[in-house]
Each structure stands twice: as structure tokens, then as C-alpha cells.
Amino acid sequence: MRVHVADHPLITHKLTVLRDARTSSPVFRQLTSELVTLLAYEATRQVRVEPIEIQTPVTTTTGVRIADPRPIVVPILRAGLGMLEGMVTLLPTAEVGFLGMVRNEETFEPQTYAERLPEDLSDRQCFVLDPMLATGGSLGAAIEFLFRRGAQDVTAICLLGAPEGVAAIERQVDGRDVTLVLGAIDERLNERGYIVPGLGDAGDRLYGTV
């Protein structure tokens, strides 16, 4: 498994504002989208392309285009939905699937409640969006779900991660082609399974409590 922590001053700046408890939901949503676009730039370095010949105003030349089958972007509902716009801004030709997962707040175990994905993901590059890599339960279950459908490789994009979550994913996906792209790795998890210092519950801060 490859782990890439994006070390860039703009990413750190935007994360600082996201962490601030005073940041409103509209600003939080906007900054999340901007931050994901920056992280997606790193996450798509290995996206598959194929050569194509084009005509410029001067001559013909060979460039590249995104290869078929197209990559698929999979936000984990609900918080991952707030990352979707930033991802498809950079990769507009990608297909989009959805995976609904929720963490049991007592056991911290993930539960799947909805999915909208192709039955066959053979030879597909998948990009999973999940703001917080805390215990690794939900993200690990999502990655496993995609591989069972035949995915070739999976890249997960997270705003923040905890060392415990990174280690849990590494244990689970041993031997598979998985990349983690993170804005930062924080100190630890607290007794409730929240990232410290973190930024709170990303879903609540994006959309408000239900």
C-alpha cells in the first residue's frame, strides 16, 4: 500500500480553516471542494491514459486522453458527497457511483445501507472519497467491496487520517493495489474514535446535524 501525504502550504492553509470550529457550513463546503481538487491532482498521477492524434492550428500532434474503461469515483455517503464536486472538477469524464456506509457509534463497526455501483468493476480504477480516515472501518469495508466487484486498483482520498486508521487499512489490504492520499495525518484517535486534533464530524460540518 502506498501512502501519500500532500505537503503543500495551500493544503495546510485550507485544512487550518476547516479545523476551526468557527468556520460555517457554507465556507466548510467550499473549502472542502477546493481541497479535494488539490488532493485529486496528486491522486490521479497514475490514471490510465491512451495516445490520441489531434490537429492543432499549426500541425498534427499526439497527445493523450483518459483511457477506457473510464475511472469511477465513489463517495462514501454522506460526508463523502461533499468531496465529489472537487473531484469531478479535475476528472470530469469519470463515472460516479455511490456507497452508503455508517459507523456504529458503539462498536465503531461499519454498516452498509445503500450502493449504486456497476456489478462488474473489472479493470477499473476506483477513487474512493471519505473525508476522515479514523478507525479505518468504513473505508476498509468500502475498499473490500470494490475489490469484490473486480476493481483493479483503488485510490482513497481523505482530508485527514489518524495513524490507527492508516495502519488498519494497511493490514486489511495487504497485497492489493491500494493508494491513500491524505491532506494530513493527525496525532491519534480519542476514546470515541474521533481524530485528534481533527476537525470534528465532517458530515455534520458539511450539512448540519439531522
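Residues numbered from 1 in each chain as written. Predicted model: local features only at pLDDT ≥ 70, side-chain atom pairs only at ≥ 80, totals over all residues. Heavy atoms only, no water.

I'd like to hear about the nonpolar core, residue by residue, with values.
The nonpolar side chains of soluble globular proteins are, as a tendency, buried together. Membership of the largest hydrophobic core comes to 33 residues, with the highest contact counts inside it found for Leu15, Leu18, Leu39, Met87 and Leu159. Elements represented by at least two residues in this core include exactly helix H1 (9-19), helix H2 (25-43), helix H3 (84-90), strand E8 (125-129), strand E10 (153-161), strand E11 (178-185) and helix H6 (202-207). Broken down by element, this core gets its largest block of residues, seven residues, from H2. Look past the residues within four positions of Leu39 in its chain and what remains in contact with it is Ala6, Ile11, Ile157, Cys158, Leu159, Val181, Leu182 and Gly183. Residues Met101, Ala142, Ala151 and Val173 belong to the second largest nonpolar core, which totals 26 residues. (Core = buried A, V, L, I, M, F, W, Y, C linked by side-chain atoms within 4.5 Å. Buried < 20%, exposed > 50% of the residue type's maximum accessible area, 1.4 Å probe, protein only. Helix = DSSP H or I, 4+ residues; strand = E, 2+ residues; numbered from the N terminus. Contact = heavy atoms within 4.5 Å.)

Give a detailed account of a nonpolar patch on the surface, specifying residues and quantitative values.
The grouping of Val3, Val5 and Ile185 at the surface amounts to a nonpolar patch, some 210 Å² of accessible area in total. Judged by relative accessible area, which is 40%, Val3 ranks as partly exposed. (Patch = residues over 30% accessible without salt bridge, like charges linked within 9 Å, V, L, I, M, F, W, Y side chains within 5 Å. Areas by Shrake-Rupley, 256 points an atom, 1.4 Å probe, with all protein chains shown as cover. Salt bridge = Lys/Arg side-chain N within 4 Å of Asp/Glu carboxyl O.)

Just give me the short version of the layout of surface pockets, but keep the residues and values in it.
Roughly 290 Å³ of internal volume is contained in the second largest pocket. Every residue lining the second largest pocket is counted, 19 residues in all, and those nearest its centre are Arg2, Ala43, Gln46, Thr155 and Thr179. Elements supplying a minimum of two residues to the lining of the second largest pocket: strand E1 (2-5), H2, E8, E10 and E11. Its residues placed into classes, the lining of the second largest pocket shows eight nonpolar, six polar and five charged. (1 Å grid on protein atoms, 1.4 Å probe; cavity = no way out; pocket = protein on both sides within 12 Å on 5 of 7 lines; lining within 4 Å. Points joined across faces, edges and corners; volume = space filled by probe spheres on them. Nonpolar A, V, L, I, M, F, W, Y, C, P; charged D, E, K, R; others polar.)

Please set out the pairing of strand E3 (residues 60-66) residue by residue, giving values where relevant.
Inspection of the sheet shows strand E2 (residues 49-55) paired to E3 by seven bridges, in the antiparallel sense. The residue of E3 that forms the bridge with Ile54 is Thr61. Counting the residues between successive antiparallel strands, the hairpin from E2 to E3 contains four residues. (Pairing = 2+ DSSP bridges.)

Which residues make up unusual backbone geometry, and what values do they have?
Of note, the bond from Asp68 into Pro69 is cis; its omega dihedral lies within 30 degrees of zero at -5°. Tracing the chain through its elements places Pro69 in the loop between E3 and strand E4 (72-77). The amide bond that connects Leu77 to the next residue, Arg78, takes the cis arrangement and shows omega of 5°. Here Arg78 is to be found in the loop between E4 and H3. Notably, Asp123 is not glycine yet its phi reads approximately 65°, a positive angle. Within the secondary structure, Asp123 is located in the loop between strand E7 (110-116) and E8.

Summarise the side chain of Thr179; cite the residues concerned and give the values.
Here Thr179 lies in strand E11. Take Thr179: its relative accessible area is 14%, and that puts it in the buried class. What Thr179 contacts, discounting residues up to four positions off in sequence, is Arg2, Val154, Thr155 and Ala156.

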